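# Secondary and tertiary structure notes
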Amino acid sequence: MRALITGMDGFIGSHLADFLLEKGFSVYGTFHRGQKNTPKAARAIKCDVSKKGSVANIIKRIRPDYVFHMAAQSFVVPSWLDPETTMRANVIGTLNILEALKDTDTKVAVACSSAEYGLTHKNELPIKEENALRPSSPYAVSKVGTDMVSYVYYNAYGMKLFRIRFFNIIGTRKRMDACSDFARGIAEVEKGKKKYLEVGNLDGVRDFTDVRDAVKAVWMITKKGKYGDVYNVCSGRGHKMRDVLDILLSMSNRKIEVKQSDKRMRKIDDPIFIGDNSKLRGLGWKPEMPMEKTLQDLVDYWRNEIK
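Turning our attention to the overall build of the protein chain. Counting secondary structure elements, the protein chain contains ten helices and 14 strands. Since a compact globule built from 307 residues should have a radius of gyration of about 19 Å, the 19 Å found for the protein chain is in line with a globular shape. Summarising its shape, the C-alpha atoms of the protein chain cover approximately 60 × 45 × 40 Å along the three principal directions. A burial count over the protein chain gives 54% of its 307 residues as buried. Long-range pairs, those at least 24 residues apart, make up 79% of the contacts in the protein chain with a sequence separation of at least 6.

Moving on, we get to helix α6 (residues 178-190). Look at α6: 18 Å from first C-alpha to last across 13 residues, which is about the 18 Å you get at 1.5 Å a residue. Where α6 is concerned, the buried positions are Cys179, Ser180, Phe182, Ala183, Gly185, Ile186, Ala187, Glu188 and Val189. Taken together, the buried residues of α6 touch β7 (168-170), β8 (197-199), β10 (208-210), α8 (241-250) and α10 (291-305). The distance from a side-chain oxygen at the start of α6 to the backbone nitrogen of Cys179 is 3.1 Å, and the residue carrying that oxygen is Asp177. Just beyond α6, the residue with positive phi is Gly192, at close to 80°.

With that out of the way, let us pick up the sheet that holds strand β14 (residues 272-273). Strand order in the open sheet made by the three strands is β12-β9-β14, with mixed pairing throughout. Each edge of the open sheet carries a strand with a single partner, namely β12 (239-240) and β14. Of the strand pairs in this sheet, strand β9 (residues 205-206) and β14 are connected by two bridges, and their pairing is parallel. Across the sheet, residue Arg206 finds its bridge partner in β14, namely Phe273.

The subject of this paragraph is unusual backbone geometry. Cis geometry marks the peptide bond from Leu125 to Pro126; its omega dihedral reads -10°. Inspection of the secondary structure assignment puts Pro126 in the loop between β5 (107-113) and α5 (138-157). You will see that Arg173, though not glycine, has its phi angle at about 80°, which is positive. Along the chain, Arg173 falls in the loop between β7 and α6. On the basis of relative accessibility, which here comes to 21%, the residue Arg173 falls in the partly exposed class.

Grouped together as the largest cluster of nonpolar side chains are 34 residues, with contacts concentrated most on Ile5, Leu20, Phe68, Phe166 and Val233. Going through the elements one at a time, β1 (2-6), α1 (11-22), β4 (66-69), β5, β6 (160-166), α7 (211-224) and β11 (230-233) are the ones with two or more residues in this core. It is α7 that provides the largest number of residues to this core, a total of eight residues.

The final tally for this structure, using the stated rule, is eleven aromatic pairs. With 6.0 Å between their ring centres and 35° between their planes, Tyr117 and Phe167 make a pair best called tilted. One end of the pair, Tyr117, is in the loop between β5 and α5; the other, Phe167, is in the loop between β6 and β7, and 50 residues separate them in sequence. Given a relative accessible area of 5%, Phe167 falls into the buried group. Aromatic pair Tyr301 and Trp302: ring centres 5.3 Å apart, planes at 75°, arrangement edge-to-face. Under the relative-accessibility criterion, Tyr301 is labelled buried at 14%.

As a packed pair, helix α2 (residues 52-62) and helix α4 (residues 83-101) sit with axes 9 Å apart at the nearest point and diverge in direction by 40°. Classified by the angle their axes make, α2 and α4 are oblique. Seen from above, α2 lies across α4 with right-handed handedness. Each of Lys52, Val55, Ala56 and Ile59 in α2 lies in contact with α4, whose residues at this interface are Asn96, Ile97, Glu99, Ala100 and Leu101.

Okay, the sheet that holds β5 next. Here we have seven strands laid out as an open sheet, ordered β3-β2-β1-β4-β5-β6-β11, and parallel in their pairing. A single partner strand is all that each edge strand has here, and the edge strands are β3 (43-46) and β11. Averaged over all pairs of adjacent strands, the angle between their axes in this sheet comes to 20°, without regard to strand direction. Relative to β6, β5 runs parallel, the two being bridged by seven bridges. Looking at the pairing, Ala109 lines up with Phe162 of β6. On top of the sheet, α2 reaches β1, β2 (26-31) and β3; it is set at about 165° to β1, its chief contact. Strands β1, β4, β5 and β6 of the sheet are contacted by α4, whose axis makes an angle of about 170° with β4.

Cut-offs applied
Residues numbered from 1 in each chain as written. Predicted model: local features only at pLDDT ≥ 70, side-chain atom pairs only at ≥ 80, totals over all residues. Heavy atoms only, no water. Helix = DSSP H or I, 4+ residues; strand = E, 2+ residues; numbered from the N terminus. Rg over C-alpha atoms; globule rule 2.2 N^0.38 Å. Buried < 20%, exposed > 50% of the residue type's maximum accessible area, 1.4 Å probe, protein only. Contact = heavy atoms within 4.5 Å. Expected span 1.5 Å × (residues − 1). Polar contact = N/O pair within 3.5 Å; in protein donor to acceptor, adjacent residues only side chain to side chain. Pairing = 2+ DSSP bridges. Core = buried A, V, L, I, M, F, W, Y, C linked by side-chain atoms within 4.5 Å. Phe/Tyr/Trp six-rings, centres within 6.5 Å; stacked < 30°, edge-to-face > 60°. Axes fitted to C-alpha atoms, helices over the stretch in contact; angles between N-to-C directions. Parallel < 35°, antiparallel > 145°, perpendicular 65-115°, else oblique. Left-handed = near helix turned anticlockwise from the far one by under 90°.

Okay, structure coming up:
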């Protein structure tokens, strides 16, 4: 079986490649810039998914049985600085993938985001797939576009397509994320690279899932999910950011000074964000990785990365 992962060098994409290789797949993947996270056994192809011809040629050549569309501009802050690039990468990139696959029998999993739910009211928690979409950033708007264009192509062409709304997925190889930034900062202080750890808002409550559990969820959805449907990938549990930071700090033998910085605050930040994973659990999936194990692996990863 052949699998194509767009954005294979990314955080979730690289872990998904590892998972599929273990299952015996021939794994192909696109990358836009670097290949640091690309598994050696996978076949990497340079591609900008916003270029229609490039995408079509790759799919025609590989003829994949599965496509996991993970390529995206996946960060909130850069989407404020350059919303046009975010829209082009995420919406047009998805459109190009679907255009190239619309007449095939390929199973397609499209990475969407919990950011689509945006400004959620307390009486709507935990967040179900049926919740209203109220995006609060250009990135979130681009993911609504990704989600909806996928739904349109499923309806129009009967594609074997799944929409996957990832909540906060954490783990090794991730960058520009609060948990990863905490762990990296701790490693930098331990190695004498910085004098203190700089953080943003610590009052928010987030739903975290280990990336190893997340890729198992993706696989479960492609095997047992309903075509055209949307699935939350989340733990269903809320963690206060201050508590996450305290756990990470307890993993260091150094007394680390913490300073809060306004420049690390988001323009709009939802105070509580917890998902409902009952639909995914109905397929037989459940999160298995303890939060403490995830955070320990994360801080150890950055200790190895920081020279």
